[in-house]
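The lines below spell out each chain.
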Amino acid sequence: GAGVSQSPSNKVTEKGKDVELRCDPISGHTALYWYRQSLGQGLEFLIYFQGNSAPDKSGLPSDRFSAERTGGSVSTLTIQRTQQEDSAVYLCASTLRGGDTDTQYFGPGTRLTVL
Amino acid sequence: LAKTTQPISMDSYEGQEVNITCSHNNIATNDYITWYQQFPSQGPRFIIQGYKTKVTNEVASLFIPADRKSSTLSLPRVSLSDTAVYYCLVGGTTGGFKTIFGAGTRLFVKA
C-alpha cells in the first residue's frame, strides 16, 4: 500500500509569509508525528496526534507553529510569519497505534527555505 | 524521557562488522529501544527494536545488557550502501508519546 506522503516536497517562501505543510499518513494509522530537521542535525519533535486525544504540542517552538489533524487522517502544519531560522526539512511519520513499540513510518519530508 | 548518547561519527570499510553503541542511563522500565536509519534526503526508516538481551533480524542485531543502560546495534558485513545516519530511540507509553531522536551516528563506509 501507499506510504506516508507529504506535500509540497519543496517550499521557498519569503520571511513573514505563512506556509502550510501537508501530511497524508498511511491509511488506518491512528498516530501521527511532526518533526523538524535542520541541516546536518537530528530530528526535533514538534507535535504528536493519537486518535481523538488532545495532541501533545510540547515540541512546538513558538506560537507561530500550529498543527491540526482533520478526521483522524490528513494533518497540516502551519507556520505563521516565517523566519529564516524556520528553514529546515519537516518530516511527518505515522504509526498504527502510537506508543514506543510501534514502528514510525516516515514521509519524504518537505524542505522549507525562508528567504 | 530517556536521553540517549551516541558517537557522532564512525568510519568503516566494506565487509566489516560495525557496532554502534547508545547510552541511555535513565531508561525506564516500560521503555523499548529502537534504531532507525536515515539516508540523505529521506525520512528515517525502522531497523530493529528490542527490550532486553538480543534481537536479530535480516538487517541487524541489537544487544542489550541486563541493566539496559546501553544498547549496541551490530551491522554485519557493511557495504557502501550502509552509509547513513543511525539513530537510537528510547521511549515509553505514558499517556502521549513524545519521541526524542538524538543527533545520531554518521556511519561512513569506505571501499
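Our structure is the block above this text.
Keep in mind the model is a prediction, meaning the values are calculated, not measured.

Caption draft 1: Region of the structure containing the overall build of chain B. In terms of helices and strands, chain B carries 0 helices and 9 strands. When the helices and strands of chain B are listed from N to C terminus, the series reads β-β-β-β-β-β-β-β-β. Taken over C-alpha atoms, the radius of gyration comes to 14 Å for chain B, in line with the 13 Å a tight globule of 111 residues would show. Oriented by its inertia axes, the alpha-carbon framework of chain B measures out at about 45 × 30 × 25 Å. Counting over 111 residues, chain B shows a buried share of 47%. For chain B, the accessible surface area stands at approximately 5,600 Å², while carbon and sulfur atoms represent 52% of it. Side chains of chain B give 10 positive and 7 negative charges; the mean places of these two sets differ by 7 Å.

Caption draft 2: Here's a closer look at the side chain of B:Arg68. Residues and elements named next belong to chain B. Among the structural elements, arginine 68 can be located in the loop between β6 (61–64) and β7 (70–75). Buried within the structure, arginine 68 lacks any salt-bridge partner; its nearest side chain of opposite charge belongs to aspartate 31, at an N-O separation of 5.9 Å. Sequence-distant contacts of arginine 68, that is, excluding residues within four places in its chain, are made with His24, Ile27, Ala28, Thr29, Asp31, Ile33, Tyr51 and Lys52.

Caption draft 3: Region of the structure containing the sheet that holds strand β4 (residues 45–50) of chain B. Residues and elements named next belong to chain B. Pairing within the open sheet is mixed, and its 5 strands lie in the order β1-β9-β8-β3-β4. The two strands at the open ends of the sheet, each matched to only one other strand, are β1 (9–13) and β4. Neighbour to neighbour, the strand axes of the sheet diverge by 25° on average, direction disregarded. Bridging between strand β8 (residues 84–91) and strand β9 (residues 105–110) involves 3 bridges; their strand directions are antiparallel. Its bridge partner lying in β9, tyrosine 86 is registered against threonine 105.

Caption draft 4: View of the pairing of β7(B). Residue and element names in this part refer to chain B. Counted residue by residue, β7 has 5 buried out of 6 residues, so it is predominantly covered. Of the pairings in the sheet, the one linking strand β2 (residues 18–23) to β7 comprises 6 bridges and is antiparallel in character. Paired with cysteine 22 across the two strands is serine 71, which belongs to β7. In this sheet, β7 lies alongside β6 in antiparallel orientation, the contact comprising 3 bridges.

Caption draft 5: Spotlight on the pairing of strand β3 (residues 19–24) of chain A. Residue and element names in this part refer to chain A. Side-chain alternation along β3 places Val19, Leu21 and Cys23 on a buried face and Glu20, Arg22 and Asp24 on a face that remains uncovered. Note: strand β1 (residues 5–7) against β3, 3 bridges, orientation antiparallel. Looking across to β3, one finds that serine 5 is bridged to aspartate 24. Pairing of β3 with strand β7 (residues 75–79) involves 5 bridges; the strand directions are antiparallel. Each residue of the ladder has a partner; that of leucine 21, found in β7, is leucine 77.

Caption draft 6: Up close: the pattern of salt bridges. Residues and elements named next belong to chain A. In total, this model carries 5 salt bridges over all chains according to the counting rule given. One salt bridge connects glutamate 44 with arginine 36, and the closest N-O pair in it is separated by 3.0 Å. In this structure arginine 36 comes out as buried when scored by relative accessible area, which is 10%. With its nearest N and O atoms 2.8 Å apart, the salt bridge here joins arginine 64 to aspartate 86. Of this pair, arginine 64 sits in the loop between β5 (43–50) and β6 (65–69) while aspartate 86 is found in the loop between β7 and β8 (88–95), placing the two residues 22 residues apart along the sequence. Aspartate 86 matches arginine 64 in its accessibility class, with the two residues each being buried.

Caption draft 7: Structural context of the layout of surface pockets. Quantified by volume, the largest pocket comes out at close to 540 Å³. In this structure, the largest pocket is lined by 30 residues; those nearest its centre are A:Gln37, A:Arg111, B:Gln38, B:Pro40 and B:Ser41. Breaking the lining of the largest pocket down by element, the ones donating at least two residues are β8 and β10 (110–114) of chain A together with β8 and β9 of chain B. Grouping the constituent residues of the lining of the largest pocket by class yields 13 nonpolar, 15 polar and 2 charged.

Procedures and definitions
- Residues numbered from 1 in each chain as written.
- Chains lettered and ligands numbered in written order.
- Predicted model: local features only at pLDDT ≥ 70, side-chain atom pairs only at ≥ 80, totals over all residues.
- Heavy atoms only, no water.
- Helix = DSSP H or I, 4+ residues; strand = E, 2+ residues; numbered from the N terminus.
- Rg over C-alpha atoms; globule rule 2.2 N^0.38 Å.
- Buried < 20%, exposed > 50% of the residue type's maximum accessible area, 1.4 Å probe, protein only.
- Areas by Shrake-Rupley, 256 points an atom, 1.4 Å probe, with all protein chains shown as cover.
- Lys, Arg positive; Asp, Glu negative; His and termini not counted.
- Charge placed at Lys NZ, Arg CZ, Asp CG, Glu CD.
- Salt bridge = Lys/Arg side-chain N within 4 Å of Asp/Glu carboxyl O.
- Contact = heavy atoms within 4.5 Å.
- Pairing = 2+ DSSP bridges.
- Axes fitted to C-alpha atoms, helices over the stretch in contact; angles between N-to-C directions.
- 1 Å grid on protein atoms, 1.4 Å probe; cavity = no way out; pocket = protein on both sides within 12 Å on 5 of 7 lines; lining within 4 Å.
- Points joined across faces, edges and corners; volume = space filled by probe spheres on them.
- Nonpolar A, V, L, I, M, F, W, Y, C, P; charged D, E, K, R; others polar.

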